Amino acid sequence: MDSIDRNIINNLQGNFPICEHPYAKVAEQLNITEKDLIQRIDKLLEQGILSRFGPMYHAERLGGGLTLAAMQVPEIDFETVTKQVNTFPEVAHNYARNHKLNMWFVIATEKPEQINIVIAEIEKQTGLHVYNMPKQTEYYLGFQLIV
Amino acid sequence: MDTDQLLIEIIQNGLPLVSHPYAAIGKQIGLTETEVIAKLNNLIETGVIKRFGIVVYHRKLGYQANAMVVWNIPDNEVDILGKKLGQFKFVTLCYRRSRHLPDWPYNLYCMIHGTDREVVLQKIDELIEQCYISQFPHQVLFSKRCFKQRGAIYYSTSND
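Residues numbered from 1 in each chain as written. Chains lettered and ligands numbered in written order. Predicted model: local features only at pLDDT ≥ 70, side-chain atom pairs only at ≥ 80, totals over all residues.

This part takes up the overall build of chain A. A count of helical and extended segments in chain A gives five helices and six strands. For chain A, the N- to C-terminal ordering of α and β elements is α-α-α-β-β-α-β-β-α-β-β. Compactness check: chain A gives a C-alpha radius of gyration of 19 Å against a globular reference of 15 Å for 147 residues, more than 25% above the reference. Along the first, second and third principal axes, the C-alpha set of chain A runs to 55 × 35 × 25 Å. Counting every position in chain A, which comprises 147 residues, the buried fraction comes to 29%. (Helix = DSSP H or I, 4+ residues; strand = E, 2+ residues; numbered from the N terminus. Rg over C-alpha atoms; globule rule 2.2 N^0.38 Å. Buried ≥ 20, exposed ≤ 12 C-beta atoms within 10 Å, placed from the backbone.)

Structure representation (structure tokens):
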């Protein structure tokens, strides 16, 4: 990764242009060619530095359901439960965290009412309680990392 | 499925890396480039698309430590503090969420990313000091492992 890659990462975490030649427009701002920009994005995706390139949707406005959930998983069962939870296609992220509630994951569904169904199914499969922590207010979602 | 949904589905896995990406997308679902551009602008204006661009794997960029900091803030103060915390550059997300009494009294969540835990803890101290919130109980939950990180998929038809 060189300074041009860093420039791409720092400038493209939002506001990608919606116009006929978006790559050309961004490339011009970054002082590189369109071809170079496309190749670099492709390479960053391939290297796994970028996980995705495109839109991030607002689940509720799209008519979908989204929530954060947590579980208290006995250490000895952690691997098994991780596998069980990650098998659900509705589970988007899953993190182990250093707390009594040690597993935290995001559930995204096509319809809001499916959230409770997925939670009930996870509880049934794992035999553990799932704490549902739905969002009430969003104060900030800039999510911009500088490299 | 209407064309908006088709469009949402087709681009959720990534924008084509070609000179005219919106024309390329349109071709797949029977829309012109102009129509795709108009529809996307509309989805952004109405907030259905909240961000359009690259999504980074923070760990690969040297952000090894990721903390979820949770606070128990009185209901009548949480909005003011939420907005305040969200203004700090290193706070990447800030939400109010439901409590689960008595197990989980926390209602304000911040995500903070940093190169290591020390850096993140310093930033948390900075937040507490500058927002005068030392009187409110808080907990720092560092992530130990990330098992799964991908964008949410809303239309199952495009699932693998």
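Attention now moves to the overall build of chain B. Helix and strand counts for chain B stand at five helices and five strands. Put simply, chain B runs from its N terminus to its C terminus through helices and strands in the order α-α-α-β-β-α-β-β-α-β. Relative to the globule expectation of 15 Å for 160 residues, the C-alpha radius of gyration of chain B, 20 Å, shows a markedly less compact shape. Along the first, second and third principal axes, the C-alpha atoms of chain B reach 60 × 35 × 30 Å. The long-range share in chain B, meaning contacts at least 24 apart out of those at least 6 apart in sequence, stands at 59%. (Contact = placed C-beta atoms within 7 Å.)

For the rest of this paragraph, the subject is the nonpolar core. F105 and I107 of chain A together with V36 and I54 of chain B are the most contacted members of the largest nonpolar core, which totals 47 residues. When neighbours within four sequence positions are excluded, V36 of chain B is seen to be in contact with L7, Y22, I25, G26 and L31 of chain B. Membership of the second largest hydrophobic core comes to 20 residues, among which are C94, Y95, Y109 and L127 of chain B. (Core = buried A, V, L, I, M, F, W, Y, C linked by C-beta atoms within 7 Å.)

Below, the discussion takes up helix α1 (residues 3-11) of chain B. For an α-helix the count is 3.6 residues per turn, leaving residues at separations of three or four pointing the same way. Of the residues making up α1 of chain B, those classed as buried are L7, I8, I10 and I11 of chain B. The inward-facing, buried residues of α1 of chain B abut β1 (50-57) of chain A together with α2 (21-29) and α3 (33-45) of chain B.

On to the domain arrangement of chain A, then. Splitting chain A by domain gives domain 1 (3-46) and domain 2 (65-133). Each of domain 1 of chain A and domain 2 of chain A has a C-alpha centre, and the two are 36 Å apart. (Domains from an automatic or database assignment.)

Residue and element names in this part refer to chain A. The topology assignment puts D42 in helix α3 (residues 34-46). We classify D42 as partly exposed; it has 13 C-beta atoms within 10 Å. As a C-alpha pair, D42 and Y140 span 98 residues in sequence and 29 Å in three-dimensional space.

Following L101 of chain B, the chain continues into P102 of chain B via a peptide bond in cis, with omega recorded as 0°. The residue P102 of chain B is located in the loop between β3 (91-97) and β4 (108-114) in this model. Positive phi, normally seen in glycine, also occurs at N31 of chain A, with a value near 65°. Position of N31 of chain A among the secondary structure elements: in the loop between α2 (22-30) and α3. Of note in the backbone geometry, Y132 of chain B takes a positive phi value of approximately 50° without being a glycine. Among the secondary structure elements, Y132 of chain B is positioned in the loop between α5 (117-131) and β5 (138-149).

Below, the discussion takes up the packing of α1 of chain B against α2 of chain B. Axis angle and axis distance: for two packed helices, these are the angle between their axes and the distance between the axes, and together they describe the pair. All names here are of chain B. At a minimum axis distance of 10 Å, the contact between α1 and α2 shows a crossing angle of 120°. Relative to α2, α1 is oriented oblique. As α1 runs across α2, the sense of the crossing is right-handed. Contacts between α1 and α2 involve T3, L6, L7, I10 and I11 from the former and I25, Q28 and I29 from the latter. (Axes fitted to C-alpha atoms, helices over the stretch in contact; angles between N-to-C directions. Parallel < 35°, antiparallel > 145°, perpendicular 65-115°, else oblique. Left-handed = near helix turned anticlockwise from the far one by under 90°.)

How big an interface is tends to be reported as the loss of accessible area on association of its parts. At the junction of the two partners, chain A supplies 62 residues and chain B supplies 63 residues. No other element matches β1 of chain A, which puts eight residues into the side of chain A that touches chain B. Class assignment of the residues belonging to the side of chain A that touches chain B gives a composition of 35 nonpolar, 18 polar and nine charged. In terms of strand pairing, β1 of chain A meets strand β1 (residues 49-56) of chain B through seven bridges, oriented antiparallel. Opposite P55 of chain A, over in β1 of chain B, you have F52 of chain B as the bridge partner. (Nonpolar A, V, L, I, M, F, W, Y, C, P; charged D, E, K, R; others polar. Pairing = 2+ DSSP bridges.)

Take the packing of α2 of chain A against α3 of chain A next. Residues and elements named next belong to chain A. Direction vectors running N to C along α2 and α3 enclose 100°, while the axes themselves pass 8 Å from each other. It follows that α2 is roughly perpendicular to α3 by the angle criterion. Contact with α2, carried on its side by Y23, A24, V26, A27 and L30, involves E34, D36, L37 and I38 of α3 and no other residues of that element. Tallied by class, the residues present in the contact of α2 with α3 amount to seven nonpolar, no polar and two charged.

Time to look at the confidence of the model for chain B. Residues and elements named next belong to chain B. The pLDDT averaged across chain B works out to 88; a share of 90% of its residues lies at or above 70. The lowest-confidence element of chain B is β5, averaging 82 in pLDDT; the highest-confidence one is α2, averaging 96. Taken together, the stretch residues 154-160 has pLDDT below 50 and engages in 18 contacts with residues farther than four places along the chain or on a different chain. Interface confidence in the predicted complex, given as ipTM, is 0.77; pTM for the same model is 0.78. (pLDDT = per-residue confidence, 0-100.)

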